[in-house]
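A closer look at the structure
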Amino acid sequence: MPETLATAYNPGMCLLALPVIIVFGRKDVTDLKNGRGKYWKKTAVFVTLLAGVFFSAMQSNGRGDKQNEEAVSTGSTGENTVLVGGMPVGIYMETDGILVLDTQEIEGEDGEKYEPARHLVHAGDYIVGINERAVECKKDLTEELADLKQEEVVLKLRRGAEELEVKMDAVKCAGSDHKLGIWIRDNVQGLGTITFLTGNSKFGALGHGIHDADTSVLMDIGGGSLYKTSIRSILKGENGMPGSMEGMIVYNRYNRLGTVEKNTEMGIYGTIEEIDALFEEQIPVQVAGKEEIHTGDAAIRCCLGDEVREYGIQITEADPNAKEENKGIVLEVTDPELLEETGGIIQGMSGSPILQDGKLIGAVTHVFINDPTKGYGIFAETMLETVCDGQES
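Residues numbered from 1 in each chain as written. Predicted model: local features only at pLDDT ≥ 70, side-chain atom pairs only at ≥ 80, totals over all residues. Heavy atoms only, no water.

**Here we look at the packing of aromatic side chains**
Using the criterion set out here, one finds three aromatic pairs in the structure. Ring geometry for F368 and Y376: centres 5.0 Å apart, planes at 75 degrees, overall edge-to-face. Side by side, F368 and Y376 carry an identical accessibility label, which is buried. Three or more aromatic residues joined by ring pairs make a cluster, and in this case those are Y92, Y227 and Y251. Over the ring of Y126 we find R158, and its NZ or CZ is 4.7 Å from the ring centre. (Phe/Tyr/Trp six-rings, centres within 6.5 Å; stacked < 30°, edge-to-face > 60°. Buried < 20%, exposed > 50% of the residue type's maximum accessible area, 1.4 Å probe, protein only. Lys NZ or Arg CZ within 6 Å of the ring centre and 35° of its normal.)

Set out below in structure tokens:
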């Protein structure tokens with residue numbers, strides 16, 4: 001759950017204590033959505049296919065499909081050759097600044113109601129400073145409020161590409177605490193799938209961006225880490241209710257696999273440091289060009305327990321000019337074993353590699369809510385271009 005400066009405690013955020021064993025499951029996602037229900041009342045939505053996550057994306061279906069959809073998260077290799085993934089990983093990322101979710105009324109020690117941040121601070125803003133002190137996390141902000149000597153506060157915000165300062169009066173509440181009445185978040189975490197690893201140890205995963213569950217904005221990240229995880233159970237999907245994986249992640253340095261450096265609409269990217277620990281089976285494959293992909297037989301590679309393996313699918317459409325880059329491929333699960341176990345595409349499969357004719361052609365990104373046997377994928381060529389963007393040659 002997000003933290004509000006209007007309360008003295010933060011229920012549910014014990015999950016952030018490190019090191020800690022966290023079991024991610026459907027309940028975590030449901031509680032977050034229903035807890036802030038005004039964001040869940042949209043029609044034609046999709047949510048990132050990351051099992052048990054505290055982040056999601058919502059938008060109208062721009063492809064004209066009437067079904068709702070839900071988003072689903074080295075050796076000597078050549079320039080266009082990668083190691084194929086399919087392994088689940090735990091993801092922990094810190095925001096670049098403190099993300100504002102909303103504002104609300106708070107009660108002062110005089111019993112009156114106040115909303116000091118209303119119309120000044122907007123959902124999607126990032127708080128980067130208070131009273132000329134830089135802040136990076138909730139702890140920094142709450143410490144500064146605890147030490148206030150006067151009620152006037154100057155917040156430094158990042159709103160899109162713009163930086164601005166806003167003045168407001170903090171409210172003195174019971175117990176001599178000062179509050180601003182702002183819901184905030186400074187990290188996200190969950191479970192997704194690695195798509196590939198390049199020859200210089202750079203990975204691509206998920207195939208879609210990580211959006212905040214409450215504001216739907218693509219999150220600005222200051223950094224993050226990947227961790228080992230194990231799949232403990234599967235919740236089978238059905239029409240109207242996509243399934244999910246339950247995984248266990250131990251957040252400590254012994255289980256850390258690498259760093260997350262970029263969060264984009266085309267996936268998350270970074271560096272794997274413990275290659276042998278993650279890529280126990282190292283399979284090099286070529287990345288197919290968009291023009292090579294065709295309708296017909298293909299496979300997805302994922303892990304539903306202790307083993308990474310391939311499952312049969314059909315590519316029903318490949319559109320290199322798709323309006324949304326992470327929906328260029330339309331696929332349908334046909335493998336009887338996968339259908340029996342999962343019902344099709346489930347949360348946690350985001351980033352599962354799609355293979356055709358011996359090449360990596362893409363990654364699973366979304367599932368149709370009304371038919372979990374079908375979903376979208378992103379072209380692997382697009383992901384490879386994204387992971388290489390900005391790298392030294």
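**A closer look at the environment of Y227**
Structurally, the position occupied by Y227 is in strand 16 (residues 221-227). Excluding residues within four positions of it along the chain, Y227 makes contact with V89, G90, Y92, I249, V250, Y251, N252, N255, R256 and L257. (Helix = DSSP H or I, 4+ residues; strand = E, 2+ residues; numbered from the N terminus. Contact = heavy atoms within 4.5 Å.)

**Quick word on the nonpolar core**
Ranked by internal contacts, the top residues of the largest apolar core, which has 28 residues, are I194, F203, L226, I268, L278 and F279. Elements that contribute at least two residues to this core include exactly strand 5 (88-103), strand 14 (182-197), strand 15 (202-205), strand 16, strand 19 (256-264), strand 20 (267-272) and helix 3 (275-278). No other element matches strand 5, which puts five residues into this core. Not counting the four nearest positions on each side in its chain, L278 is found in contact with M87, V89, I194, L257 and I272. Formed by 24 residues, the second largest nonpolar core is a distinct cluster that contains A288, A298, L338 and F379. (Core = buried A, V, L, I, M, F, W, Y, C linked by side-chain atoms within 4.5 Å.)

**Things to note about the pairing of strand 16**
Burial of strand 16 is extensive: six of the seven residues sit out of reach of the surface. Across six bridges, the pairing between strand 5 and strand 16 is antiparallel. The partner of Y92 across the bridge, within strand 16, is S225. (Pairing = 2+ DSSP bridges.)

**Points about helix 2 (residues 138-146)**
Regarding helix 2, the residues found buried are K138, D140, L141, E144 and L145. Buried residues of helix 2, seen end-on, are gathered within an arc of 165 degrees and therefore sit on one face of the element. Across from the buried face of helix 2, at angles greater than 90 degrees, the exposed residues are K139 and A146. (Arc of directions from axis to C-beta.)

**Structural notes on the pattern of salt bridges**
Following the criterion strictly, the structure yields 19 salt bridges and no others. One salt bridge in this structure joins R133 and E143, with 3.8 Å as the shortest N-O distance. Residue R133 is found in strand 9 (residues 133-134), and its partner E143 is found in helix 2; the two are separated by ten residues along the sequence. Relative accessible area serves as the criterion here: at 29%, R133 is assigned to the partly exposed category. Residue classification places E143 among the partly exposed residues on the basis of a relative accessible area of 31%. Across the pair E143 and K139 runs a salt bridge, and its minimum N-O distance is 2.6 Å. Highlighted residues: E143 and K139, both in helix 2, separated by four residues, approximately one helical turn. Sharing partners across several salt bridges, the network here consists of R133, K139, D140, E143 and E144. (Salt bridge = Lys/Arg side-chain N within 4 Å of Asp/Glu carboxyl O.)

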